[in-house]
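Letter by letter, the chains look like this.
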Amino acid sequence: MAAHAKTIEGLLTDPAFQGEVRAHEPMAAHTTYRIGGPARWFVRADSVSALTSVLEACVRQRVSWAIVGRGSNLLVSDDGFDGVVMTLGRDFRSFRIDADDPTRIMAGAGVLLSAVVQESFKRSLAGLEFAVGTPGNIGGALRMNAGSAQEYIGSRVASVTTYVPGSDLQRRAATDVQWGYRQTSFAPDEVILECELVLEEADPFFIRGKMEANLKRRRASQPLDLPSCGSVFRNPPGESAARLIDQAGLKGLRAGGAEVSTKHANFIVNTGGATAADVRRLIDDVRQRVMDAYGTQLTTEVRFLGFK
Ligand SMILES: Cc1cc2nc3c(=O)[nH]c(=O)nc-3n(C[C@H](O)[C@H](O)[C@H](O)COP(=O)(O)OP(=O)(O)OC[C@H]3O[C@@H](n4cnc5c(N)ncnc54)[C@H](O)[C@@H]3O)c2cc1C
């Protein structure tokens with residue numbers, strides 16, 4: 001049977017499939033929140049053809065699918081996800097320096113952002129110090145335009161290779177993409193496969209100094225000992241979501257096992273056994289209370305998967 005005509009079940013149970021398939025996989029094992037019900041199929045694609053054949057089959061059979069990185073900005077519902085959750089394996093985990101220009105790095109979307117930060121430092125390349133300590137993959141970082149208050153990864157991207165089911169792979173110049181505050185103009189069904197980053201040569205002591213300062217600030221201000229998704233809400237223009245939540249007296253507010261961190265008001269932590277419903281309830285509660293107190297509508301940075 002031709003690969004393009006195969007069903008999802010046929011593809012995923014084929015012993016020659018390039019990757020790994022797990023049925024009814026608990027998503028709690030794949031999110032930094034340690035929360036989330038089962039994915040009908042949890043698939044690691046190790047090659048472009050494994051990825052494209054499964055996603056094309058999903059589209060043909062009208063099966064829902066989602067791409068995830070390290071689940072560090074993700075709240076998955078307690079009911080899980082009735083479809084294919086796709087992650088990027090072997091062929092998407094490569095990292096190489098341009099032979100003609102040592103400031104240019106090609107990184108697969110499945111590479112950890114922290115690995116790219118460390119490799120850049122080892123090569124005396126500056127520009128990603130802001131990302132030290134940010135969990136997640138390059139794919140997730142690009143989709144979210146991960147960054148700090150002042151810097152963001154999109155400003156370091158020269159080009160990005162993406163795939164939309166039904167089309168060919170596409171190499172896009174970074175200028176074709178809009179890089180906003182924790183948001184980008186990638187299409188909802190656009191999968192990021194690889195990117196080209198441009199950094200700057202710099203003194204390694206300077207790079208290390210910036211990285212250490214950022215790590216110190218992070219450790220001092222964030223509850224890194226408890227599962228979370230990082231900042232839950234986006235900062236309203238000219239405002240800080242954490243400041244509004246703190247000033248509304250909401251630190252320590254709870255719903256089941258979820259709690260507004262007493263260390264950083266924009267973090268909702270899983271204090272143990274929190275459900276996605278707890279986190280959602282707390283998000284709604286915080287949003288309502290900030291609205292009542294300041295008339296400001298908070299919007300979420302965290303992405304949701306599997307909610308009705
Ligand atoms: C302790 C902690 C600290 C954090 N600090 C920061 C910070 O300083 N700055 C910051 O910006 N964020 C921060 N975050 C949030 C998070 O780490 C980032 O958003 C990260 O870039 C998400 O990457 P990921 O691989 O985990 O993506 P996921 O959480 O798996 O996915 C996030 C979104 O990206 C999409 N996505 C993932 N991979 C791809 C792909 N290959 N192609 C297309 N779409 C894709 C998913 O569908 C989803 O919509 C923090 C989180 C934690 C837990």
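Below or above, wherever it landed, is the structure these notes cover. Residue positions are counted from 1 within each chain, in the order its sequence is given. Restriction of local features to residues with pLDDT of at least 70 applies here, the model being predicted, together with a cutoff of 80 or more for giving and counting side-chain atom pairs; totals for whole chains, interfaces and linings are based on all residues. Neither water nor hydrogens contribute to the side-chain values; these are computed over all heavy atoms in the structure.

1. Points about the pattern of salt bridges
Our working rule: Every case where a carboxyl oxygen of Asp or Glu lies within 4 Å of a side-chain nitrogen of Lys or Arg is listed as a salt bridge. Using a 1.4 Å probe on the protein chains alone, a residue whose accessible area is under 20% of its type maximum counts as buried, one over 50% counts as exposed, and one in between counts as partly exposed.
What the rule picks out here adds up to 23 salt bridges. Notably, a salt bridge pairs Arg 254 with Glu 259, separated by 3.0 Å at the nearest N-O pair. We classify Arg 254 as partly exposed; its relative accessible area is 43%. Here the residues in one salt-bridge network are Glu 20, Arg 22, Glu 25, Arg 44 and Asp 46, joined through shared partners.

2. Looking at the packing of aromatic side chains
Where we set the bar: Pairing of aromatic rings covers Phe, Tyr and Trp, the last counted by its six-membered ring, and requires centre-to-centre distances within 6.5 Å; plane angles under 30 degrees mean stacked, over 60 mean edge-to-face, and any other angle means tilted. Should the NZ of a Lys or the CZ of an Arg lie within 6 Å of a ring centre and within 35 degrees of the ring normal, that charge is described as sitting over the ring.
With the rule as written, the count across this model stands at two aromatic pairs. Judged by centre distance (5.7 Å) and plane angle (85°), the rings of Trp 179 and Phe 186 are edge-to-face. Taking the centre distance of 5.7 Å and the plane angle of 90° together, the rings of Phe 304 and Phe 307 count as edge-to-face. Taking the relative accessible area as the measure of exposure, Phe 304 reaches 32% and is therefore partly exposed. A cation over an aromatic ring shows up here: Arg 280 above the ring of Phe 304, its NZ or CZ 4.6 Å from the ring centre.

3. Side note on helix H3 (residues 113-122)
For the record, the criterion: Counting from the N terminus, the helices are DSSP H or I runs at least four residues long and the strands are E runs at least two residues long. In this description, one arc is meant: the one made by directions from the helix axis to the C-beta atoms. In this description, contact between two residues means that some pair of their heavy atoms is separated by no more than 4.5 Å.
Listing the buried residues of H3 in full gives Leu 113, Val 116, Val 117, Ser 120 and Phe 121. Looking down the long axis of H3, one finds its buried residues gathered within 135° of arc, a one-sided arrangement. Turning to H3, the residues buried within the fold contact strand E6 (95-97), strand E7 (104-108), strand E8 (125-126), helix H4 (138-144), strand E13 (191-198) and helix H5 (204-221).

4. Examining H5
The condition that has to hold: Every helix has an expected span of 1.5 Å times one less than the residues it contains. As used in this structure description, the phrase polar contact means that two N or O atoms lie within 3.5 Å; if the pair is within protein, one of them must be able to donate a hydrogen and the other to accept it, and residues adjacent in sequence are counted only when both atoms belong to side chains.
With 18 residues, H5 ought to run about 26 Å at 1.5 Å a step, and its terminal C-alpha atoms sit 26 Å apart, in line with that. Along H5, the residues that are buried comprise Ile 207, Met 211, Asn 214 and Arg 218. All buried residues of H5 lie within an arc of 65° about the axis, which places them on one face of the element. Counted as exposed and oriented over 90 degrees from the buried face of H5: Phe 205, Lys 216, Arg 217, Arg 219 and Ala 220. The inward-facing, buried residues of H5 abut H3 and E8. The backbone nitrogen of Phe 205 has a side-chain oxygen 2.8 Å away, supplied by the residue at the start of H5, namely Asp 203.

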